[in-house]
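Summary of the model geometry
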Amino acid sequence: MITTAQKNKIIQIINVFETGTREGKYDLIATYPDGVSGSRQITYGRSQTTEQGNLKALIEKYILNKGILAGEFKMYLPKIGKTPLVDDAVFKSLLKKAAKQDPIMRKSQDDFFEVLYYQPAFHFFEKNKFTQALSMLVIYDSYIHSGSVPAFIREKFAENVPLNGGDEKKWIKKYTEARHSWLTNHSKQLLRKTNYRTKCFLEQIVNNNWDLAKSVNANGIAV
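Computed from a predicted structure; not experimentally measured. (Residues numbered from 1 in each chain as written. Predicted model: local features only at pLDDT ≥ 70, side-chain atom pairs only at ≥ 80, totals over all residues. Heavy atoms only, no water.)

On to the overall build of the chain. Scanning the chain for helices and strands turns up 10 helices and 5 strands. Against the 2.2 N^0.38 benchmark of 17 Å for 223 residues, the chain shows a C-alpha radius of gyration of 18 Å, consistent with a compact globule. Projecting the C-alpha coordinates of the chain onto the three principal axes gives extents of approximately 50 × 40 × 30 Å. Within the span of the chain, comprising 223 residues, buried residues form 46% of the whole. By sequence separation, contacts in the chain at least 24 residues apart represent 55% of the contacts at least 6 residues apart. On the chain, the mean spot of the 33 positive side-chain charges and the mean spot of the 22 negative ones are 2 Å from each other. (Helix = DSSP H or I, 4+ residues; strand = E, 2+ residues; numbered from the N terminus. Rg over C-alpha atoms; globule rule 2.2 N^0.38 Å. Buried < 20%, exposed > 50% of the residue type's maximum accessible area, 1.4 Å probe, protein only. Contact = heavy atoms within 4.5 Å. Lys, Arg positive; Asp, Glu negative; His and termini not counted. Charge placed at Lys NZ, Arg CZ, Asp CG, Glu CD.)

In structure tokens form, the structure reads like this:
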């Protein structure tokens, strides 16, 4: 059982990782060379979705919700994810304007990150019989950062998930250690720089902060 307070704290920690604020920067646009074949792409929003990933789905949700800038976004729908928009100043200005001026964009982002990331992570959590808030944080971060709990990382250790008779705390520790090693030694410097996420989780394990009742130092910001 994850309480509302625990869920809010989990989301705040992820928001800090992604945008540097507990509330999340709905209008934040960053550019990284992390697209196909190292291509540059836009990442956008409260928990940062990518131009070559799910940005189109977010904009479709905003249009469906009848956002005030929906008409201006419609012309971009056929391009998002197919034609690079990373240097399109008009499109990026629209993204910023919508998040700053239209509550519908902020609500669309909240719903979008809930449906595409939190709920699948929670399904994994429940299906595999995890119970601890810190476990949910670790799993949700994997979904935000990698889109899943990657099998190739799970294969690096032998502990079973609780569903299959494993120890929950041991599994989370082993998974976090394996993911930390993967990030720290990755060939891409951009990913190596994100190992502060797993370092944070390992610190919470050492602190026995399984219910997330204690303050969490999320990349230098207390949550």
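Text resumes after the structure shown.
Looking now at the nonpolar core. Counting residues in hydrophobic clusters, the biggest one holds 63 residues, and the most contacted among them are Tyr44, Ile59, Phe73, Phe91, Tyr140 and Trp171. Phe91 has contacts with Ile42, Leu55, Phe73, Tyr76, Ile80 and Leu85, leaving out every residue within four places of it along the chain. (Core = buried A, V, L, I, M, F, W, Y, C linked by side-chain atoms within 4.5 Å.)

Strand pairing in a sheet relies on backbone hydrogen bonds. The paired strands run either parallel or antiparallel. Spatially, β1-β2-β3 is the arrangement adopted by the 3 strands of the open sheet, whose pairing is antiparallel. Lying at the two open borders of the sheet, with one neighbouring strand each, are β1 (29-32) and β3 (49-50). Where β1 meets strand β2 (residues 41-44), 4 bridges bridge the pair, whose relative direction is antiparallel. Counted as the bridge partner of Ala30 is Thr43 from β2. The strands touched by helix α4 (residues 89-101) within the sheet are β1 and β2, with β2 carrying the most contacts at an inclination of about 5 degrees. (Pairing = 2+ DSSP bridges. Axes fitted to C-alpha atoms, helices over the stretch in contact; angles between N-to-C directions.)

Where empty space is left can be seen by rolling a probe of water-molecule size over the atoms. In this structure, the largest pocket spans a volume of roughly 890 Å³. Lining of the largest pocket is provided by 31 residues; of these, Glu18, Asp34, Thr50, His145 and Leu191 occupy positions nearest its centre. Looking at which element gives the most residues to the lining of the largest pocket, the answer is helix α6 (residues 133-146), with 4 residues. Of the residues belonging to the lining of the largest pocket, the class tally is 14 nonpolar, 12 polar and 5 charged. (1 Å grid on protein atoms, 1.4 Å probe; cavity = no way out; pocket = protein on both sides within 12 Å on 5 of 7 lines; lining within 4 Å. Points joined across faces, edges and corners; volume = space filled by probe spheres on them. Nonpolar A, V, L, I, M, F, W, Y, C, P; charged D, E, K, R; others polar.)

With 16 residues, helix α1 (residues 4-19) extends 22 Å between its outermost C-alpha atoms, agreeing within 8% with the 22 Å of an ideal straight helix rising 1.5 Å per residue. Every buried residue of α1 is listed here: Gln6, Lys9, Ile10, Ile11, Ile13, Ile14, Asn15, Val16, Phe17, Glu18 and Thr19. For α1, the elements touching its buried residues are α6, α10 (196-206), β4 (217-218) and β5 (221-222). At the C-terminal side of α1, Gly20 shows a positive phi close to 80 degrees. (Expected span 1.5 Å × (residues − 1).)

Inspection of the secondary structure assignment puts Thr19 in helix α1. Classification of Thr19 by relative accessible area gives buried; the value is 8%. Here the alpha-carbon distance between Thr19 and Ala30, two residues 11 residues apart in the chain, equals 9.5 Å. Contact partners of Thr19, with chain neighbours within four places excluded, come to Gly24, Lys25, Leu28, Gly45, Arg46 and Gln48. Reaching out from Thr19, the side chain makes a polar contact with the side chain of Thr21 at a distance of 3.3 Å. Side-chain polar atoms of Thr19 contact the backbone nitrogen of Lys25, separated by 3.3 Å. (Polar contact = N/O pair within 3.5 Å; in protein donor to acceptor, adjacent residues only side chain to side chain.)

Fair warning: the whole summary comes from geometry, so function is off the table for now.
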